[in-house]
Amino acid sequence: DTAVSQTPKYLVTQMGNDKSIKCEQNLGHDTMYWYKQDSKKFLKIMFSYNNKELIINETVPNRFSPKSPDKAHLNLHINSLELGDSAVYFCASSQPGTGHEQYFGPGTRLTVT
Amino acid sequence: GDSVTQMEGPVTLSEEAFLTINCTYTATGYPSLFWYVQYPGEGLQLLLKATKADDKGSNKGFEATYRKETTSFHLEKGSVQVSDSAVYFCALKRTGGSYIPTFGRGTSLIVHP
């Protein structure tokens, strides 16, 4: 059973398009996250969502928006894609009882051409 | 603010060599400390953790000891294998306050046969 799943695994699209990445976790966790990993493997937190409280990294462009239809899902919508958005995007979840250790999805490699 | 500093990679070793990856941190209070591992093409996964001073986390032959006096959490393994080739991330989660973790920049390990 996959704990945190993401779709699609790969996403190739053109500049200016709008795309979404879906994330689901079956761990019953209350907190979910989106991270961006660049080509040098640097991991940057984009959003965290906990009991309907959204915390946004202020450096994230407002073209990115998370949407949570329920506690098990946190999708990422990206409008007007730019070349610099090319990266690997990871969804993760956590729970307070474990010190918020992170459970990561397999990642979505986004390529903007 | 909180920060995690890791040694820059890549670290290149021969099989069965001893591994040390240095990690130091800055945080208020008594954070929990983590090591995550990312194998090629995969998401990060928790390798080990320690929640208080002098605790030792261990898993798969890897160890790290929470040293409050030196604010360090160095990762060690006595004999590395080719299959240990991956990127290793040190992270902290402050006790209380924000639940969002702080990650280091990652250290790539390459093990040659």
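The structure presented is a predicted model; accordingly, all values stated were derived computationally and were not measured.

### Digging into the nonpolar core
- Ranked by internal contacts, the top residues of the largest apolar core, which has 26 residues, are B:Leu19, B:Trp35, B:Leu47, B:Leu48, B:Phe73, B:Leu75 and B:Tyr88.
- Mapped by element, the contributors of at least two residues to this core are strand S2 (11–14), strand S3 (19–21), strand S4 (23–26), strand S5 (32–38), strand S6 (45–50), strand S8 (62–65), strand S10 (86–93) and strand S12 (107–112) of chain B.
- In terms of residues, this core owes the most to one element, S10(B), which gives 4 residues.
- Discounting residues that sit within four places of it in the chain, B:Leu19 has contacts with B:Val11, B:Leu13, B:Phe62, B:Leu75, B:Glu76, B:Lys77, B:Val80 and B:Leu109.
- The next biggest cluster of nonpolar side chains, apart from the first, holds 19 residues, and it includes A:Val60, A:Leu81, A:Cys91 and A:Leu110.

### Brief notes about the pattern of salt bridges
All names here are of chain A.
- Within this structure, the stated rule accounts for 8 salt bridges over all chains.
- Ionic pairing is found between Glu82 and Arg63, a salt bridge with its closest N-O pair at 3.5 Å. In this pair, Glu82 sits in the loop between strand S8 (73–78) and strand S9 (87–94) while Arg63 sits in the loop between strand S6 (53–56) and strand S7 (64–70), placing the two residues 19 residues apart along the sequence.
- For Arg63, a relative accessible area of 13% puts it in the buried group.
- Through salt bridges with shared partners, a single network forms among Arg63, Glu82 and Asp85.

### Examining the sheet that holds strand S1 (residues 4–7) of chain A
Residue and element names in this part refer to chain A.
- The antiparallel open sheet is built from 4 strands, whose spatial order is S1-S3-S8-S7. The open sheet has two edge strands, S1 and S7, and neither has a second partner. Ignoring strand direction, the axes of neighbouring strands in this sheet form an average angle of 20 degrees.
- Pairing of S7 with S8, which is carried by 5 bridges, proceeds in the antiparallel orientation. Looking at S8, one finds that Lys67 is bridged to Asn75.

### Comments concerning the state of the cysteines
- Inspection of every chain in the model, using the stated rule, returns 2 disulfides over all chains.
- Each sulfur of the disulfide joining A:Cys23 and A:Cys91 lies 1.8 Å from the other. The S-S bond linking A:Cys23 to A:Cys91 shows a torsion near -70 degrees; that makes this disulfide left-handed. Residue A:Cys23 is located in strand S3 (residues 19–25), and its partner A:Cys91 is located in strand S9; the two are separated by 68 residues in the primary sequence. No difference in accessibility class separates A:Cys23 from A:Cys91, as the two residues are buried.
- Disulfide pairing places B:Cys23 opposite B:Cys90 at an S-S distance of 2.0 Å. What sets the handedness of the B:Cys23 and B:Cys90 disulfide is the S-S torsion sign, and at about -70 degrees it is left-handed.

Cut-off values and rules
Residues numbered from 1 in each chain as written. Chains lettered and ligands numbered in written order. Predicted model: local features only at pLDDT ≥ 70, side-chain atom pairs only at ≥ 80, totals over all residues. Heavy atoms only, no water. Core = buried A, V, L, I, M, F, W, Y, C linked by side-chain atoms within 4.5 Å. Buried < 20%, exposed > 50% of the residue type's maximum accessible area, 1.4 Å probe, protein only. Helix = DSSP H or I, 4+ residues; strand = E, 2+ residues; numbered from the N terminus. Contact = heavy atoms within 4.5 Å. Salt bridge = Lys/Arg side-chain N within 4 Å of Asp/Glu carboxyl O. Pairing = 2+ DSSP bridges. Axes fitted to C-alpha atoms, helices over the stretch in contact; angles between N-to-C directions. Disulfide = S-S within 2.5 Å.

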